[in-house]
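Fold and geometry: a report
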Amino acid sequence: MSFVDLASLRIKYKSEKEIFLESSLERKEPISLFRKWMQDAVETPEIIEPNAMCLATATKDAVPSARFVLLKDVTEEGFTFFTNYESRKADELAENPNVALAFYWLPLRRSVRIEGTAERISREASETYFHQRPRASQIGALASPQSQPIPSREFLDKKEKAIKEELGPDTEVPLPNWGGYMVRPKAIEFWQGQTNRLHDRIRFRKALKEGEAVDGTLLHQGEEGWVYERLAP
């Protein structure tokens with residue numbers, strides 16, 4: 001059986017009437033724009049999990065790994081997700097807090113990339129969210145030694161069953177070694193695809209490079225301590 005010709009695959013992106021311009025920014029900072037784009041994604045029926053994002057971490061030796069997690073909160077301070085604190089991602093975050101997040105909303109032809117540092121949120125906040133989850137998800141988190149080798153699927157099923165029998169239907173599920181991380185952004189890039197491949201890219205960032213200055217041509221002053229610039233596709 002012949003394999004599909006990947007080089008020939010093409011999809012239609014935005015038209016020239018839908019160019020993403022700096023003048024369309026209601027505020028010159030990225031959090032409000034992210035919320036607007038997320039709301040658009042939530043309201044697009046073809047997008048099943050609009051808050052799914054690729055999380056990239058790295059070891060202290062800069063060996064990367066990536067996986068998909070769910071965004072559970074966004075504030076002016078950062079972006080929050082939850083995981084097992086004994087997972088591979090948690091081990092890598094303990095060694096190296098630098099991370100990258102990526103969202104891709106294909107029906108909207110939009111993507112957002114976030115770079116920053118991750119830190120644990122409070123145990124109290126983690127516990128509050130944990131007990132808001134469906135009970136089955138709480139028990140699943142307690143049963144799974146995430147990222148660790150296990151002998152079989154049956155091992156998990158037996159462990160889950162034992163926890164259910166021990167707790168019964170009403171006992172509160174204890175919080176495992178599990179909780180949230182907040183990614184404090186240093187740079188946030190918004191990408192909108194264009195059919196002519198001259199895609200729109202506007203990046204916000206916090207820090208200036210050495211010798212760099214806001215000139216109003218290549219680099220613009222934003223709000224809330226951000227600067228922004230347009231990048232070539």
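Residues numbered from 1 in each chain as written. Predicted model: local features only at pLDDT ≥ 70, side-chain atom pairs only at ≥ 80, totals over all residues. Heavy atoms only, no water.

1. Focus on helix H2 (residues 88-95)
Turning to H2, its buried residues number three or more, namely Lys-89, Ala-90, Glu-92 and Leu-93. Taken end-on, H2 shows its buried residues confined to a sector of 165°, consistent with a single buried face. Contact partners of the buried residues in H2: strand S1 (52-58), strand S2 (64-70), strand S4 (79-84), strand S5 (98-105), strand S6 (110-120) and strand S7 (178-192). (Buried < 20%, exposed > 50% of the residue type's maximum accessible area, 1.4 Å probe, protein only. Helix = DSSP H or I, 4+ residues; strand = E, 2+ residues; numbered from the N terminus. Arc of directions from axis to C-beta. Contact = heavy atoms within 4.5 Å.)

2. Observations concerning the pairing of S6
Sheet faces and side chains relate simply in a regular strand, where the side chains alternate between the two faces. The sheet contact formed by S5 and S6 spans 8 bridges and is antiparallel. Each bridged residue has a counterpart across the sheet, and for Ala-100 the counterpart in S6 is Glu-115. Linking S5 back to S6 in an antiparallel pair, the connection comprises 4 residues, with Arg-109 at a positive phi of about 55°. Pairing of S6 with S7 involves 11 bridges; the strand directions are antiparallel. Bridge assignment links Ser-111 to a residue of S7, and that residue is Trp-191. (Pairing = 2+ DSSP bridges.)

3. A closer look at the UniProt feature "domain: Pyridoxine 5'-phosphate oxidase dimerisation C-terminal" (unreviewed entry) in the protein
Here, the residues flagged by UniProt with the feature "domain: Pyridoxine 5'-phosphate oxidase dimerisation C-terminal" (unreviewed entry) are residues 178-233. What you have in residues 178-233 is 0% helix and 48% strand, and the ends, taken at the C-alpha atoms, are 39 Å apart. (UniProt positions renumbered as here; feature names shortened; annotations may be inferred.)

4. A word on the environment of His-220
With respect to the helices and strands, His-220 occurs in strand S9 (residues 220-221). A sequence separation of 16 residues divides His-220 from Phe-204, and the C-alpha atoms of the two residues are 9.4 Å apart. Dropping the residues within four chain positions of it, His-220 is found in contact with Val-214, Val-227 and Tyr-228.

5. Considering the pattern of salt bridges
Throughout the structure, instances matching the rule amount to 20 salt bridges. Across the pair Arg-230 and Glu-22 runs a salt bridge whose closest N-O atoms are separated by 3.0 Å. With Arg-230 in strand S10 (residues 227-230) and Glu-22 in the segment before helix H1 (30-42), this residue pair connects regions lying 208 residues apart in the sequence. According to the relative accessible area criterion, Arg-230 is partly exposed, its value standing at 33%. A salt bridge links Glu-160 to Lys-164, with the shortest nitrogen-to-oxygen separation between them at 3.9 Å. Pair noted here: Glu-160 and Lys-164 are both in helix H5 (residues 153-167), with a separation of 4 residues, about one helical turn. On the basis of relative accessibility, which here comes to 25%, the residue Glu-160 falls in the partly exposed class. According to the relative accessible area criterion, Lys-164 is partly exposed, its value standing at 40%. In the salt-bridge network here, residues are joined through shared partners; they are Arg-27, Glu-29, Glu-223 and Glu-224. (Salt bridge = Lys/Arg side-chain N within 4 Å of Asp/Glu carboxyl O.)

6. What about the pairing of S7?
Most of S7 sits inside the fold, with 13 of its 15 residues counted as buried. Bridge count for S4 against S7 is 6 bridges, and the pairing is antiparallel. When the bridges of S7 are listed, Phe-79 appears paired with Val-183. Where S7 and strand S8 (residues 200-205) come together, 6 bridges link them in antiparallel fashion. Across the sheet, the residue bridging to Ala-187 is Arg-205, located in S8.

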